[in-house]
Amino acid sequence: MRVLLVEDETHLADAVARGLAAESFRVEVAHDGQAGLAKALTGDYDVVVLDIMLPGLSGYRICQEMRRAKVWTPVLMLTAKDGEYDEADALDLGADDYLTKPFSFVVLVARLRSLVRRGAPARPVVLEVGDLSLDPARHHVTAGGDPVTLTPREFSLLQHLMRHPAVVQSKRDILDGVWDAHYDGDPNIVEVYVGYLRKKLSGADTRIETVRGVGYVLTGS
Ligand code: CA
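These figures come from a predicted structure and were not determined experimentally. (Residues numbered from 1 in each chain as written. Predicted model: local features only at pLDDT ≥ 70, side-chain atom pairs only at ≥ 80, totals over all residues. Heavy atoms only, no water.)

J.: Where do I start with the sheet that holds strand E8 (residues 140-143) in this structure?
T.: The strands making up a sheet associate through hydrogen bonds between their backbones, and the pairing can be parallel or antiparallel. Strand order in the open sheet formed by four strands is E6-E7-E8-E9, and the pairing between neighbours is antiparallel. The two strands at the open ends of the sheet, each matched to only one other strand, are strand E6 (127-129) and strand E9 (146-148). Each neighbouring strand pair of the sheet contributes to a mean axis angle of 25°, computed without reference to strand direction. The sheet contact formed by E6 and strand E7 (residues 132-135) spans three bridges and is antiparallel. Counterpart to Glu128 in the pairing with E7 is Ser133. (Pairing = 2+ DSSP bridges. Helix = DSSP H or I, 4+ residues; strand = E, 2+ residues; numbered from the N terminus. Axes fitted to C-alpha atoms, helices over the stretch in contact; angles between N-to-C directions.)

What follows is the structure, encoded as structure tokens:
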């Protein structure tokens, strides 16, 4: 099992690397963010351990860049107890697990084995239409590069439209795709949510067009 350990505290890095080697992991160490990112992007590892506070580039950025480059190697983040970030951030940014420093070596080994067993999760592909981007794994939407905050229902509606770009979706299609298939309330609920979405995406070039009497279609420009 190949482990990349990105940790700038050399004593800690050496001790962990030695310990992991004794557990028959093959360990490579990087001591700063840039070197860590360059190695991580090769995708040559079964698991990556990232410290957060690193010279050059934080562990968060490394993880973000890995995911952006579609490198899905499992990531375990090392977070400091008094750190300015919390584990929620780590998981939000695409890490698969985290450990708070100081950590027990036995626990680290157990977590790494479990991550490797699980393997790289199959991540849904980021959807892109025009200047809209929707990342189902991170539940994250941007319009023209700017993040947009959506409710879960708005998110599902946009996801549905982005899965069928340039194909008109009837209210029924949308209800079936976004609401429960057994939804028998007012189908005009779709109109209401399209209205909410339009408002939130008003800064985007990509628009939800109404096709009179038929439904809605997302058109990228
Ligand atoms: Ca550090």
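J.: Honestly, the coordination of the calcium ion in this entry has me stumped. Any pointers?
T.: Where a metal carries four tetrahedral donors, each ideal angle is 109.5 degrees; where it carries six octahedral donors, the ideal angles are 90 or 180 degrees. The protein atoms donating to the calcium ion are Asp8 (OD), Asp51 (OD) and Met53 (O), with metal-donor distances spanning 2.1 to 2.3 Å. Here Asp8 falls in the partly exposed class, since its relative accessible area comes to 29%. Given a relative accessible area of 49%, Met53 falls into the partly exposed group. (Donors = N, O, S within 2.8 Å, 3.2 Å for Na, K, Ca; no water. Buried < 20%, exposed > 50% of the residue type's maximum accessible area, 1.4 Å probe, protein only.)

J.: Would you mind going over the sheet that holds strand E4 (residues 75-80) with me for this structure?
T.: The sheet built from five strands is open, its strands ordered E2-E1-E3-E4-E5 with parallel pairing. The open sheet has two free edges, formed respectively by strand E2 (26-30) and strand E5 (97-101), since each of these has just one partner strand. For this sheet, the mean angle separating the axes of adjacent strands, direction not counted, is 20°. Of the pairings in the sheet, the one linking strand E3 (residues 47-51) to E4 comprises four bridges and is parallel in character. By the bridge assignment, Val49 is partnered in E4 with Leu76. The strands touched by helix H3 (residues 59-68) within the sheet are strand E1 (2-6), E3 and E4, with E4 carrying the most contacts at an inclination of about 160°. (Contact = heavy atoms within 4.5 Å.)

J.: How do you make sense of the packing of helix H1 (residues 10-22) against helix H5 (residues 105-118) when you look at a structure like this?
T.: A pair of packed helices is characterised by two quantities: the angle between their axes and the separation of those axes. The contact between H1 and H5 brings their axes to 11 Å, and the two run at 60°. By the criterion of interaxial angle, the relationship of H1 to H5 is oblique. As for how H1 packs across H5, the hand of that crossing is right-handed. Residues Val16, Gly19 and Leu20 of H1 form the contact with H5, whose own contacting residues are Phe105, Leu108, Val109 and Leu112. Its residues placed into classes, the contact of H1 with H5 shows six nonpolar, one polar and no charged. (Parallel < 35°, antiparallel > 145°, perpendicular 65-115°, else oblique. Left-handed = near helix turned anticlockwise from the far one by under 90°. Nonpolar A, V, L, I, M, F, W, Y, C, P; charged D, E, K, R; others polar.)

J.: How should the side chain of Thr73 be read in this particular structure?
T.: Relative to the helices and strands, Thr73 is located in the loop between H3 and E4. Contact partners of Thr73, with chain neighbours within four places excluded, come to Gly43, Tyr45, Asp46, Val47, Val48, Met66, Arg67 and Asp96.

J.: Is there a simple way to explain the pattern of salt bridges in this structure?
T.: Pairing between side chains becomes possible if they bear opposite charge and their charged atoms approach one another. Across all of its chains, the model carries 13 salt bridges by this definition. Measuring nitrogen to oxygen at the nearest pair gives 2.8 Å for the salt bridge that ties Asp96 to Arg67. Note that Asp96 is positioned in the loop between helix H4 (87-92) and E5 and Arg67 in helix H3, a separation of 29 residues in sequence. Owing to a relative accessible area of 6%, Arg67 belongs among the buried residues under this scheme. The partner of Asp176 in a salt bridge is Arg172, with the nearest N and O atoms 3.2 Å apart. Taken as a pair, Asp176 and Arg172 lie in helix H7 (residues 171-178) at a separation of four residues, close to a single helical turn. We classify Asp176 as partly exposed; its relative accessible area is 42%. Here Arg172 falls in the partly exposed class, since its relative accessible area comes to 42%. Salt bridges here are not isolated pairs; linked through shared partners, they connect Glu7, Glu9, Asp51 and Lys101. (Salt bridge = Lys/Arg side-chain N within 4 Å of Asp/Glu carboxyl O.)

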